[in-house]
Amino acid sequence: MGDLYVWLVSFFFLIALLALVVFQLMCLADLEFDYINPYDSSTRINRVILPEYILEGVLGAFFLVTGHWVMSFFCGPYLYYNVKLYMSNTHLVDVTEIFNMLHKEKKQRLFKLFYLVFLLFLSIFWMILTALEDHE
């Protein structure tokens, strides 16, 4: 029964991460269609970048602590990429370069979105499998 709660917590972590990435994509799409100005868009995106990184780190550590090595292994590349961006100080969106980097930023967030959806499907699969094993 304990494993079921672990998968349930990881499910909510992943939903929160998906919401943050979708919010960033919506801000970039609004900027592309000229609904908001570059300053507002970059401010909104930059406000949620660090919580996204922290939440992903907590999720990876959560999988390590609970002994789910495969899922922590799958969280590794995403966490490495975030740490690499943070250490090189390129994790924030620049107001003056946002239009030039719009295509790259959207592709980056779409890749993150698909990767998180993959992790979410794995988490749902393991949650269902654990619930069925506990039921028997």
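Conventions used here
Throughout, a residue's number is its position along its own chain's written sequence, starting from 1. Only residues with pLDDT of at least 70 are given local features in this predicted model, and only at 80 or more are side-chain atom pairs given and counted; all residues enter the totals for whole chains, interfaces and linings. Side-chain numbers come from the whole structure's heavy atoms, not from hydrogens or water. UniProt positions are given in the numbering used here, feature names are shortened, and annotations may be inferred rather than shown by experiment. To define a nonpolar core, start from buried Ala, Val, Leu, Ile, Met, Phe, Trp, Tyr and Cys residues and group those joined through side-chain atoms within 4.5 Å. The buried label goes to any residue with under 20% of its type's maximum accessible area, the exposed label to any with over 50%, and the partly exposed label to all in between, with areas taken from a 1.4 Å probe on protein chains only. Helix and strand definitions here come from DSSP, where helices need a minimum of 4 consecutive H or I residues and strands a minimum of 2 consecutive E residues; each element is numbered from the N-terminal end. When checking whether two residues touch, look at their non-hydrogen atoms; a contact exists if any pair is within 4.5 Å. Nonpolar side chains (Val, Leu, Ile, Met, Phe, Trp, Tyr) within 5 Å and like charges within 9 Å form the patches, drawn only from residues with over 30% relative accessible area and no salt bridge. Surface exposure here means Shrake-Rupley accessible area, sampled with a 1.4 Å probe, where a residue is shielded only by the protein chains that are shown. Criterion for a salt bridge: a side-chain nitrogen of Lys or Arg within 4 Å of a carboxyl oxygen of Asp or Glu. What counts as a ring pair is set by centres within 6.5 Å for rings of Phe, Tyr and Trp (its six-membered ring), and what kind of pair is set by the plane angle: stacked under 30 degrees, edge-to-face over 60, tilted for all other angles. Working rule for helices: expected span equals 1.5 Å times residues minus one.

- The protein chain goes by Protein cornichon homolog 4 in an unreviewed UniProt entry, where it is assigned to Rubus argutus.
- If you open the UniProt record of the protein chain and go to Subcellular location (unreviewed entry), you find "Membrane".
- Check the Sequence similarities (unreviewed entry) section of the UniProt entry for the protein chain; it says "Belongs to the cornichon family."

## Thoughts on the nonpolar core
Most often, soluble globular proteins have nonpolar side chains that are buried together.
Here's step 1: The biggest cluster of nonpolar side chains holds 22 residues, and the ones touching the most others in it are Leu 14, Leu 17, Leu 59, Phe 63, Met 71, Leu 116 and Leu 119.
Here's step 2: Breaking this core down by element, the ones donating at least two residues are α1 (2-32), α2 (38-66), α3 (69-87) and α4 (102-135).
Here's step 3: By residue number, the principal contributor to this core is α1, which donates eight residues.
Here's step 4: Not counting the four nearest positions on each side in its chain, Leu 17 is found in contact with Glu 52, Leu 55, Glu 56, Leu 59 and Leu 116.
Here's step 5: With 10 residues, the next largest nonpolar core counts Leu 31, Tyr 53, Val 93 and Ile 98 among its residues.

## Some words on a nonpolar patch on the surface
Here's step 1: Together, Leu 50, Ile 54, Val 58, Val 83, Tyr 86 and Met 87 give the surface a local cluster of nonpolar side chains, amounting to about 580 Å² of exposed area.
Here's step 2: For the nonpolar patch, the secondary-structure elements that each account for two or more residues are α2 and α3.
Here's step 3: Given a relative accessible area of 55%, Ile 54 falls into the exposed group.

## Here's the deal with the packing of aromatic side chains
Here's step 1: Taken as a whole and judged by the stated rule, the model has 12 aromatic pairs.
Here's step 2: Consider the rings of Phe 33 and Tyr 35, whose centres lie 6.4 Å apart with planes at 45 degrees: the pair is tilted.
Here's step 3: On the accessibility criterion, Phe 33 (55% relative accessible area) is exposed.
Here's step 4: Relative accessible area serves as the criterion here: at 63%, Tyr 35 is assigned to the exposed category.
Here's step 5: A centroid spacing of 6.5 Å and a plane angle of 45 degrees characterise the contact between Tyr 115 and Phe 118, whose relative ring orientation is tilted. You can see Tyr 115 and its partner Phe 118 sitting in helix α4, three residues apart, about one turn around the helix.
Here's step 6: Among the aromatic residues, those joined into a ring-pair cluster are Trp 7, Phe 13, Phe 62, Phe 63, Phe 125 and Trp 126.

## Examining α2
Here's step 1: Between the first and last C-alpha of α2 there are 42 Å, a value that for 29 residues agrees with the 42 Å anticipated at 1.5 Å per step.
Here's step 2: Here α2 has its buried residues at Ser 41, Ser 42, Ile 45, Val 48, Ile 49, Glu 52, Tyr 53, Leu 55, Glu 56, Leu 59, Gly 60 and Phe 63.
Here's step 3: Those residues of α2 that are buried lie in contact with α1, α3 and α4.

## Focus: the environment of Asp 94
Here's step 1: By the secondary structure assignment, Asp 94 is in the loop between α3 and α4.
Here's step 2: On the basis of relative accessibility, which here comes to 41%, the residue Asp 94 falls in the partly exposed class.
Here's step 3: When the C-alpha atoms of Asp 94 and Thr 43 are compared, they prove to be 9.2 Å apart, with 51 residues separating the residues in sequence.

## Looking at the UniProt feature "transmembrane region" (unreviewed entry) in the protein chain
Here's step 1: The UniProt feature table records "transmembrane region" (unreviewed entry) at residues 53-81 and 113-132.
Here's step 2: Across residues 113-132 one finds 100% helix and 0% strand; the C-alpha atoms that close the span lie 28 Å apart.

## Notes on the pattern of salt bridges
Here's step 1: Summed over the entire model, instances satisfying the criterion amount to three salt bridges.
Here's step 2: The partner of Lys 112 in a salt bridge is Glu 52, and the shortest N-O contact between them spans 3.2 Å. Here Glu 52 lies in helix α2 and Lys 112 lies in helix α4, a separation of 60 residues in the sequence. The same class applies to Lys 112 as to Glu 52, namely buried.
Here's step 3: Among the salt bridges present, the one from Arg 109 reaches Glu 105, with a minimum N-O distance of 2.2 Å. With a gap of four residues between them, Arg 109 and Glu 105 both fall in helix α4, about one helical turn apart.
Here's step 4: Given a relative accessible area of 3%, Arg 109 falls into the buried group.
Here's step 5: Assessed through its relative accessible area of 10%, Glu 105 is described here as buried.

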